[in-house]
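# Structural overview for review
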Amino acid sequence: MKFGKKKKTEILTEPAVSSAVRYTETPGDMPDSVEHWEKELYDRLRFTVPVIDAAIGKIVRLTGGYRVICEDEGMQGLMDSFVSDIPVGLTGQSLHSFTDSFLESLLTYGNAVGEIILDSDTLRISSLYNGDPSRVAVIADSKTGLPVYCLKCKGGKLKAFENQNLILFSALNPPPGKNMGVSILRGLPALSRILMKIYRCIGQNYERAGNVRYAVTYKPSSDSSEKAYSRERAMQIAKEWSEGMTAAKNGEIRDFVAVGDVDIKVIGADNQLFDTEVPVRQIMEQLVAKLSVPPFLLGLNWSTTERMSSQQADILTSELEYYRRIITPVIKKAASAFLMQNGSLSGVTVEWDNINLQDESVLAEARLKNAQAEEIERSLS
């Protein structure tokens, strides 16, 4: 009895199940090194997360305007002209435009630098300039201990500016022993990275399931005659369905009529998108707490009322007054330099506009109650 050779079983070299290609995050999306890429990091952060950009813009505008007052009343008209007409850079005008850009740089990068530009012929102030704080270093003079402002050159070398009196510099919350300030965005890149991942996943899910696609299934019956033409009927159903969907784009509505067992389902209709409201709100709360701006000013409706409470107004007012105290010396330095060039040693003060974050009716009612209380105290005494 002869036995044939046993057939070798074929081994499948390709896997039966493979994973689909998904989005892979590139390492360069958000630099990890804050020390070397701090400016680029915060610029990208404001560009990526609109809430952060809106919050900084709101803080700058809520800081309000001001007026520079001269002790010498005869110089007041000249000072008002300087404040309103001084050119700033190539396109700006007024001292307010300079301080707005100065404060925005201070909040974003933790440092802000400007320069008083002199005319080369007359040596008088011709304009103001907002500089790049990442190119400026501050060191202490070895003899006097005063700050020396330097320009960062290639190779890590520092070159001191020729006229230190023309440099306008401020640092926000510099750590002990440090000369440079800290941005209010410090600590937000990690949270923003998580927030962007959530929004990216939402976009991918809507690309997959949001654009409705249909699965049209034709099931022929057990009848042999129907099975014989199942291929032709399936192709006819596919053609009519495609023409109906194309006609709908042009505003023409067509009914789909078929004979037999035809099943039409939406692909992915049984799946549900994840509820991202809770994690997104938790991250947004951290961002808002860092920026110290009431949520409803940023379009975030987290409560039933859109009015600002007195506690929120007090907190925001204290933040704005803190930024005003940082900006005031810069304004006085620029104004004093202008007066000295015009032969005046008059002192200057900065009068800021009142920060009004409450309703006028509420403020008027508070003033009325205070006046009534004072009247009662005087009558009792």
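The structure we're discussing is the one just above.
Just so it is clear, the structure is predicted and the values come from calculations on it, not from any experiment.

So, how was this worked out
Residue numbering note: each chain is counted from 1, following its sequence as written. Only residues with pLDDT of at least 70 are given local features in this predicted model, and only at 80 or more are side-chain atom pairs given and counted; all residues enter the totals for whole chains, interfaces and linings. Where side-chain values are given, they derive from all heavy atoms of the structure, hydrogens and water being excluded. A run of H or I in DSSP counts as a helix once it spans at least four residues, and a run of E counts as a strand once it spans at least two, with each numbered from the N terminus. Whether two residues touch is decided by their heavy atoms; if any such pair falls within 4.5 Å, the residues are in contact. Exposure was quantified through the Shrake-Rupley algorithm and a 1.4 Å probe, taking into account, for residues, occlusion by the shown protein chains and nothing else. Angles here are taken between N-to-C directions and fall from 0 to 180 degrees, while the axes themselves are lines fitted to C-alpha atoms, restricted in helices to the stretch in contact. Every angle not falling under 35 degrees, over 145, or within 65 to 115 is termed oblique; those three ranges are roughly parallel, roughly antiparallel and roughly perpendicular. Each residue is assigned to one of three groups, with Ala, Val, Leu, Ile, Met, Phe, Trp, Tyr, Cys and Pro labelled nonpolar, Asp, Glu, Lys and Arg labelled charged, and all others, Gly among them, labelled polar. What makes a patch is a set of residues exposed beyond 30% relative accessible area and free of salt bridges, joined within 9 Å when like-charged and within 5 Å when nonpolar (Val, Leu, Ile, Met, Phe, Trp, Tyr). By salt bridge we mean one thing: a side-chain nitrogen of Lys or Arg within 4 Å of a carboxyl oxygen of Asp or Glu. Here's how the labels work: a residue is buried when its accessible area is under 20% of the maximum for its type, exposed when over 50%, partly exposed in between, all with a 1.4 Å probe on protein chains only. Only protein atoms enter the 1 Å grid, on which a cavity is a set of points fitting a 1.4 Å probe that cannot get out and a pocket is an open set with protein on both sides within 12 Å along at least 5 of 7 lines, lining residues being those with an atom within 4 Å of a point. Grid points are joined across faces, edges and corners, and a volume is the space filled by probe spheres set on the points. Strand pairing is assigned whenever DSSP detects at least two bridges linking the two strands. Within 6.5 Å between ring centres, the rings of Phe, Tyr and Trp (the latter by its six-membered ring) count as paired, and their orientation is classed by plane angle as stacked under 30 degrees, edge-to-face over 60, tilted in between.

## Considering the overall build of the chain
- Scanning the chain from N- to C-terminus turns up 10 helices and 12 strands.
- The contacts in the chain between residues at least 6 apart in sequence include a share of 62% that link residues at least 24 apart.
- Counting every atom, the chain has about 26,000 Å² of accessible surface; 53% of that belongs to carbon and sulfur.

## Here's the deal with the packing of helix H1 (residues 38-48) against helix H4 (residues 95-109)
- One way to put it is that H1 packs onto H4 with a least axis distance of 10 Å and a crossing angle of 105°. Between H1 and H4, the crossing angle belongs to the class labelled roughly perpendicular. Of H4, the residues touching H1 (which contributes Lys-39, Tyr-42, Asp-43 and Arg-46) are Glu-104, Thr-108 and Tyr-109.
- Class assignment of the residues belonging to the contact of H1 with H4 gives a composition of two nonpolar, one polar and four charged.

## What to know about a nonpolar patch on the surface
- Among the surface-exposed residues, Val-212, Tyr-214, Val-216, Met-245, Ile-264 and Val-266 lie close enough to one another that they form a single nonpolar patch of about 440 Å² accessible area.
- Elements with a contribution of two residues or more to the nonpolar patch: strand S10 (214-219) and strand S11 (261-266).
- Its place among the elements puts Val-216 in strand S10.
- Overall, the relative accessible area of 31% leaves Val-216 in the partly exposed class.

## Considering the layout of surface pockets
- Volume-wise, the second largest pocket comes out at about 330 Å³.
- As for the second largest pocket, its lining consists of 16 residues, and the residues nearest its centre are Ile-237, Glu-240, Trp-241, Phe-256 and Val-257.
- In terms of residue class, the lining of the second largest pocket is made up of nine nonpolar, two polar and five charged.

## Things to note about the sheet that holds strand S8 (residues 158-160)
- Across the sheet, which stays open at both edges, the three strands sit in the order S6-S7-S8 with antiparallel pairing between neighbours. Looking along the sheet, the strands with just one partner apiece sit at the ends: strand S6 (136-140) and S8. Going from strand to strand, the sheet's axes swing by 45° on average, the running direction of each strand aside.
- With five bridges connecting them, S6 and strand S7 (residues 147-152) associate as antiparallel partners. Its bridge partner being in S7, Ala-140 is matched across the sheet by Pro-147.

## Regarding the environment of Asp-100
- As for its placement among the helices and strands, Asp-100 is situated in helix H4.
- Residues Asp-100 and Arg-61, spaced 39 residues apart in sequence, show a C-alpha to C-alpha distance of 7.9 Å.

## Some remarks on the packing of aromatic side chains
- Taken as a whole, this structure holds five aromatic pairs when the rule is applied.
- Between Phe-82 and Phe-338 the ring centres are 4.3 Å apart and the planes differ by 15°, which places this aromatic pair in the stacked class. Pair noted here: Phe-82 is in helix H3 (residues 76-85) and Phe-338 is in helix H9 (residues 310-341), with a separation of 256 residues, a long-range link.
- What makes Phe-82 buried here is its relative accessible area of 6%.
- A relative accessible area of 12% means that Phe-338 is categorised as buried.
- Here Tyr-322 and Tyr-323 contribute two aromatic rings whose centre-to-centre distance is 5.7 Å and whose plane-to-plane angle is 55°, an arrangement assigned as tilted.
- On the basis of relative accessible area, Tyr-322 is assigned to the partly exposed category, the value being 26%.
- Residue Tyr-323 is classed as buried on the basis of its relative accessible area of 6%.

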